[in-house]
Protein chains: 2
Amino acid sequence: MLRIITTYLILDTYKMDIALFGFGCVGQGLYDALGQSHGFKAGIQKIGVKDRHKLRKIALDHFSFDSLEILGRSDIQAIVELVDNAEDALDIVTSAMQRGLHVVSANKKLLAEHFDVLFQLQQKHGVALLYEGACAGSIPIIRNLEEYYDTESLISVSGIINGSSNYILTRMDRDGLDYETALKQAQELGFAEIDPWLDVAGFDPKYKLVLLVVHAFGVIFKPDAVLNLGIQNVSAFDIEHAALKGQRIKLVAYAARNGNNIQAFVLPRFVGKESNLINIDNEYNAVEIEGAFSGKQLLVGKGAGSYPTGAAVLSDVAALSHQYRYEYKKLHQNIAANGHGLQDLDKDFTLKLYIRYQDDAQLQALDIKEVIEQYTSPRAKYLIAEVGFESLYNIRGKENKLFVALVG
Amino acid sequence: MLRIITTYLILDTYKMDIALFGFGCVGQGLYDALGQSHGFKAGIQKIGVKDRHKLRKIALDHFSFDSLEILGRSDIQAIVELVDNAEDALDIVTSAMQRGLHVVSANKKLLAEHFDVLFQLQQKHGVALLYEGACAGSIPIIRNLEEYYDTESLISVSGIINGSSNYILTRMDRDGLDYETALKQAQELGFAEIDPWLDVAGFDPKYKLVLLVVHAFGVIFKPDAVLNLGIQNVSAFDIEHAALKGQRIKLVAYAARNGNNIQAFVLPRFVGKESNLINIDNEYNAVEIEGAFSGKQLLVGKGAGSYPTGAAVLSDVAALSHQYRYEYKKLHQNIAANGHGLQDLDKDFTLKLYIRYQDDAQLQALDIKEVIEQYTSPRAKYLIAEVGFESLYNIRGKENKLFVALVG
């Protein structure tokens, strides 16, 4: 009896038929998860893909190569966008929203780069845009920030949110693999982006951090304004150096309120036994939320891979069927308070850093306030120093060979 | 502009004025959290308390000693029930729901003991009953099970969900405190129930487990049917024994699907370095959710204390203002499938247990299938043995002096 009422409400008010764009790792994970879900069914009316010649694991008549044809269908209420190319994705997502279709996306680069536009499109066309799968894989972090911490004044949000980098660091540390071999494994397992530079240089976690900041603090930052240094220059020496101190190196995305401003950056970090992050291994992600009243919360789960991310996307599709959408309460409050969603990014502070370098000239790019330790041997040279944060923007390029990590 | 629309929607469609019953540890935490919340305001029209002579930290005209008068007020849409006494709480909560008032409660005993009735009252009177604060303090576990894992076929839900027992075990382990001193500290810090037996004997985590099972598996169990053994007989010997193996003792609530049945129990457990639970200390709680697709997720946060629990209650009140209510999707599915919300509790399995005993006669209550290790010294005697699960129900009473813990 009760079941009948429930079914009636869901099916009658909002029957959920969707089109899927992209059928890679996450798309196939979603397809499988949807096929085996007991509670919720959505019909995939069509799958939009680009490559006509690629071998597919389901029958060809499920696919279309014409995205305009798909977006024009009258039998879908929503699309799921899981396309690799961010420009194609932007076209698909904006066209869909303009046509009144709801959108689920796992494309963090797209979302972070165009957040302001995509936010306005949601308001203008009265459609939902959900993106739990874009941030920390299976961890329901966006939903929790949006729904549960919306009344809580948050102090910080931080964590390990790039499964691929974390996999590489874990394999180097636990198994003594070299960087290149570990990266290759991460790619084979489907954890890495097509362009691994996005992962290892910290762009991918930065895009996710931009999304976290929107929901945690109600502020929109352009990704380019947020500092990211990655693990591309990490060496066995660095990992051994951490181990000698009982620590491990993790790539950590961090955002915290400082007065009315926000500090936000992605940096490698030495973490010790006292840290919740020290045992987060392989493709696992962990996000720590610190609230004024709720204290510290940690959410841990798989941050990459076909099924964990597919499950997150499925949960968004199911939420759409209940007419769920993000309310962006904190963002609306900030817009009302200062006319726009932007607060200043705080860059006026120093960080205590481990800096491994090859020759002194490399250090000139950095605003070193105080050298605390200095080490030189035939194998490596490093400093532990207090460094002006803003000078780290000078060493963001691919040509930089310094390895920099936060200490303590 | 956008802010105006939001405010209009919230205030005009559903202005939130509430009455609060109980002004103890959590009630005061809620009061403070509400006073300092930026995003959300609710008006506490009246606070119902029993004791006319107790010194209160806010003016006396906030209080009423007449619960009927409060429930009859026309200026409230919801009540928050934070009363110690479960019978008083049942009266207040049922009367409120019958009058069409929404209810937020943090009373796990009330909710678990009377779940079937309280579930039906929600349906019958079209009101919401929210209880995030009843389970694992600041961790939004009910909300996540309800909203995010509703489409996911879950394999297990388990964790440390009694802050007071965990505090005692931590202080005994880390600081060498004896059991009585550690318990007294937990009480002074406001982590323990008024009757500490509910905590240390595992009743409190069992009530919470009953609530988790409703949302994770859609099944209602009576608390009395679920086995709970606690830490009331733990000794320094047991903790040292664990430490020798690089392990720690934790009180763990566990529920898992086994075919169409559910295994559910609360038992002390030896946890090793491979476990996410080993470093969950003091009043922190941790809940692990294992999904068929999402994999293992861990949520960690403060499980007890005025502010963390107050923040959870506040989040529920804020959710009410958006007309949020639990949908119990999995429970409705089970009701439709088998006519009622009950599936069988699986008791037909064995567990590998550490059993410390004083004399052999105590062991007769247990269905010991196989003794794996046996140890006797002037200081202690213990067995490691495979034991028929159902026989553990024989040693639930206060007179039992065995200490039993799951191994591995």
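Above this text you will find the structure in question.
Let me sum up the structure you'll find in this document. (Residues numbered from 1 in each chain as written. Chains lettered and ligands numbered in written order. Predicted model: local features only at pLDDT ≥ 70, side-chain atom pairs only at ≥ 80, totals over all residues. Heavy atoms only, no water.)

Once that is clear, we can look at the pairing of strand β4 (residues 78-81) of chain B. Residues and elements named next belong to chain B. The side-chain alternation of β4 yields two buried faces, one formed by Ala-78 and Val-80 and the other by Ile-79 and Glu-81. For strand β1 (residues 17-21) and β4, the ladder comprises 4 bridges, and the chain directions are parallel. Across the sheet, the residue bridging to Ala-19 is Ile-79, located in β4. You can see the chain leave β4, run along helix α4 (residues 86-98) and come back into strand β5 (residues 102-105), and the turn it takes is right-handed. (Buried < 20%, exposed > 50% of the residue type's maximum accessible area, 1.4 Å probe, protein only. Helix = DSSP H or I, 4+ residues; strand = E, 2+ residues; numbered from the N terminus. Pairing = 2+ DSSP bridges. Right-handed = clockwise from strand over helix to strand, strands pointing away.)

Further remarks concern the relation of the copies chain A and chain B. It takes a turn of 180 degrees to lay chain A on chain B, together with a shift of 0.0 Å along the axis; the resulting RMSD is 0.0 Å. Such values leave the two copies arranged in the relation of a two-fold axis. For chain A, the smallest separation between a C-alpha atom and the rotation axis is recorded for Leu299(A), amounting to 2.2 Å. (Least-squares fit on C-alpha atoms with pLDDT ≥ 70 in both.)

Note on placement: Pro140(A) falls in the loop between β6 (129-130) and α7 (141-147). Spatially, the C-alpha atoms of Pro140(A) and Val300(A) are 9.6 Å apart, while their sequence positions differ by 160 residues. Ignoring anything within four residues of it in the chain, the contact list for Pro140(A) reads Glu132(A), Asn144(B), Tyr148(B), Tyr149(B) and Gln297(B). (Contact = heavy atoms within 4.5 Å.)

Bringing the nonpolar core into the picture now. Membership of the largest hydrophobic core comes to 285 residues, with the highest contact counts inside it found for Leu392(A) and Leu392(B). Both domains that furnish three or more residues to this core are identified here as domain 1 (2-141 + 308-338) and domain 2 (347-408) of chain B. Setting aside residues no more than four positions away along its own chain, Leu392(B) makes contact with Leu227(B), Leu229(B), Leu267(B), Leu351(B), Leu353(B), Leu366(B), Val387(B) and Val404(B). Counting residues in hydrophobic clusters, the runner-up holds 14 residues, among them Ile160(B), Val252(B), Ala286(B) and Leu298(B). (Core = buried A, V, L, I, M, F, W, Y, C linked by side-chain atoms within 4.5 Å. Domains from an automatic or database assignment.)

Residue and element names in this part refer to chain A. Strand order in the open sheet formed by 6 strands is β3-β2-β1-β4-β5-β6, and the pairing between neighbours is parallel. The open sheet has two edge strands with one neighbour each: β3 (63-64) and β6. Of the pairings in the sheet, the one linking strand β4 (residues 78-81) to strand β5 (residues 102-105) comprises 4 bridges and is parallel in character. Within β5, the residue paired with Val-80 across the bridge is Val-104. Together, β1 (17-21), β2 (43-48) and β4 form the strand contacts of helix α2 (residues 25-36), whose direction differs from that of β2 by roughly 165 degrees. Packing of helix α13 (residues 306-321) onto the sheet brings it into contact with β1, β4, β5 and β6, and relative to β5 it is tilted by some 165 degrees. (Axes fitted to C-alpha atoms, helices over the stretch in contact; angles between N-to-C directions.)

Turning our eyes to something else, we now look at the interface of chain A and chain B. Listed by partner, the interface residues are 51 residues for chain A and 51 residues for chain B. Approximately 4,100 Å² of surface area, both sides summed, lies buried where chain A meets chain B, with 59% of it carried by carbon and sulfur atoms. At the surface where chain A touches chain B, the tally comes to 0 salt bridges. Where chain A touches chain B, the interface holds 9 residue pairs in polar contact (both at pLDDT 80 or more). Those elements that place two or more of their residues in the side of chain A that touches chain B are α1 (2-13), α2, α6 (115-125), α7, β12 (295-302), α13 and α14 (329-338) of chain A. Note: β12(A) against strand β12 (residues 295-302) of chain B, 3 bridges, orientation antiparallel. Note that in β12(B) the partner of Leu298(A) across the bridge is Val300(B). (Buried area = accessible area lost by both parts, 1.4 Å probe. Salt bridge = Lys/Arg side-chain N within 4 Å of Asp/Glu carboxyl O. Polar contact = N/O pair within 3.5 Å; in protein donor to acceptor, adjacent residues only side chain to side chain.)

Quick look at the packing of helix α6 (residues 115-125) of chain B against helix α14 (residues 329-338) of chain B now. Residues and elements named next belong to chain B. Relative to each other, α6 and α14 sit at 100 degrees, their axes nearing to 14 Å. Classified by the angle their axes make, α6 and α14 are roughly perpendicular. Contacts between α6 and α14 pair Phe-115, Phe-119 and Gln-123 from the former with Leu-331, His-332 and Ile-335 from the latter. The residue inventory of the contact of α6 with α14, partitioned by class, reads 4 nonpolar, 2 polar and no charged. (Parallel < 35°, antiparallel > 145°, perpendicular 65-115°, else oblique. Nonpolar A, V, L, I, M, F, W, Y, C, P; charged D, E, K, R; others polar.)

Turning to the state of the cysteines, a few remarks are in order. Within the structure shown, the criterion is met by 0 disulfides over all chains. Cys135(A) supplies the cysteine sulfur nearest to Cys25(A), a cysteine that is in no disulfide, at a spacing of 17 Å. (Disulfide = S-S within 2.5 Å.)

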